[in-house]
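Structure assessment
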Amino acid sequence: MAAPSWLYTVAKTIGITTAVIYVGIPALVKFYPHLILHAVFLNFVVWPPFVNLNQPERFGLTPVTAFHLETEPGVVVGVWHMLPATPTPLLDNTDKAYDRALSNGQPIILYLHGNAGTRAGYHRVQLYKILQNLDYHVIALDYRGFGDSTGVPSEEGICHDAIFLYKWLRRKVGENAPIIVWGHSLGSGYVQCMNFHLWACICGGLGLS
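Residues numbered from 1 in each chain as written. Predicted model: local features only at pLDDT ≥ 70, side-chain atom pairs only at ≥ 80, totals over all residues. Heavy atoms only, no water.

1. Considering unusual backbone geometry
For the bond running from Thr-62 to Pro-63, omega is -15°, close enough to zero to count as cis. Relative to the elements of secondary structure, Pro-63 occurs in the loop between helix 2 (33-41) and strand 1 (64-72). Of note in this structure, Ser-185 is not a glycine but carries a positive phi near 55°. As for its placement among the helices and strands, Ser-185 is situated in the loop between strand 5 (179-183) and helix 6 (186-198). Overall, Ser-185 belongs to the partly exposed group, its relative accessible area being 46%. (Helix = DSSP H or I, 4+ residues; strand = E, 2+ residues; numbered from the N terminus. Buried < 20%, exposed > 50% of the residue type's maximum accessible area, 1.4 Å probe, protein only.)

2. Here's the deal with the nonpolar core
Ranked by internal contacts, the top residues of the largest apolar core, which has 31 residues, are Leu-110, Leu-112 and Met-194. Only strand 1, strand 2 (75-82), strand 3 (108-112), strand 4 (137-141), helix 5 (155-173), strand 5 and helix 6 provide two or more residues apiece to this core. Among the elements that take part in this core, helix 5 stands out by supplying 9 residues, more than any other. Not counting residues up to four positions away in its chain, the partners in contact with Leu-110 are Ile-139, Leu-141, Ala-162, Leu-165, Tyr-166, Leu-169, Ile-180, Val-181, Trp-182 and Met-194. Core analysis: the next-biggest nonpolar cluster, separate from the first, contains 14 residues, Met-82, Ile-109, Leu-127 and Leu-131 among them. (Core = buried A, V, L, I, M, F, W, Y, C linked by side-chain atoms within 4.5 Å. Contact = heavy atoms within 4.5 Å.)

By themselves, these observations are geometric and do not establish any function.
If you want it as structure tokens, here you go:
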């Protein structure tokens with residue numbers, strides 16, 4: 001007795017699916033490893049689109065300044081510094097004035113965002129505002145290859161960017177100022193990476209959220 005036609009269809013579907021999972025995907029990973037990086041980081045997904053990240057005040061953030069740091073030769077990352085809601089009065093709206101404000105004793109949050117989008121994502125901006133109203137300095141960056149930052153994202157490179165910014169902050173505020181590293185989604189993995197590399201030389205721990 002011949003098997004029903006639907007049985008052949010089911011068997012064929014299972015066979016094709018199995019081949020894709022166990023042969024096709026490993027082959028893609030082997031011959032096109034950059035596809036996996038794109039799938040993990042999703043840095044090509046930019047939302048909101050067509051925004052000027054040098055004008056963070058357009059997102060309702062104030063007081064705030066935008067600047068860039070070279071984390072290694074050829075890699076420049078974009079950063080925002082948002083002051084607490086009750087900051088030390090600024091004498092002027094310069095980077096030096098914001099640097100001085102960092103040392104006013106109020107805690108600092110270094111925010112490491114998740115995959116996709118930029119530091120200007122709506123949900124991220126709303127979090128910055130909440131943290132500002134709780135009287136935190138907020139430092140938010142776009143990793144290499146995200147937003148207006150140059151370079152190509154990689155696990156080692158993004159960890160390097162995060163450590164660079166942490167050390168930059170430490171040089172600005174000294175060893176005793178409170179710095180909390182807040183990692184969201186993908187960013188939480190880089191908090192752990194920072195812990196691994198910095199634990200031996202940091203007094204205290206890093207915050208994980």
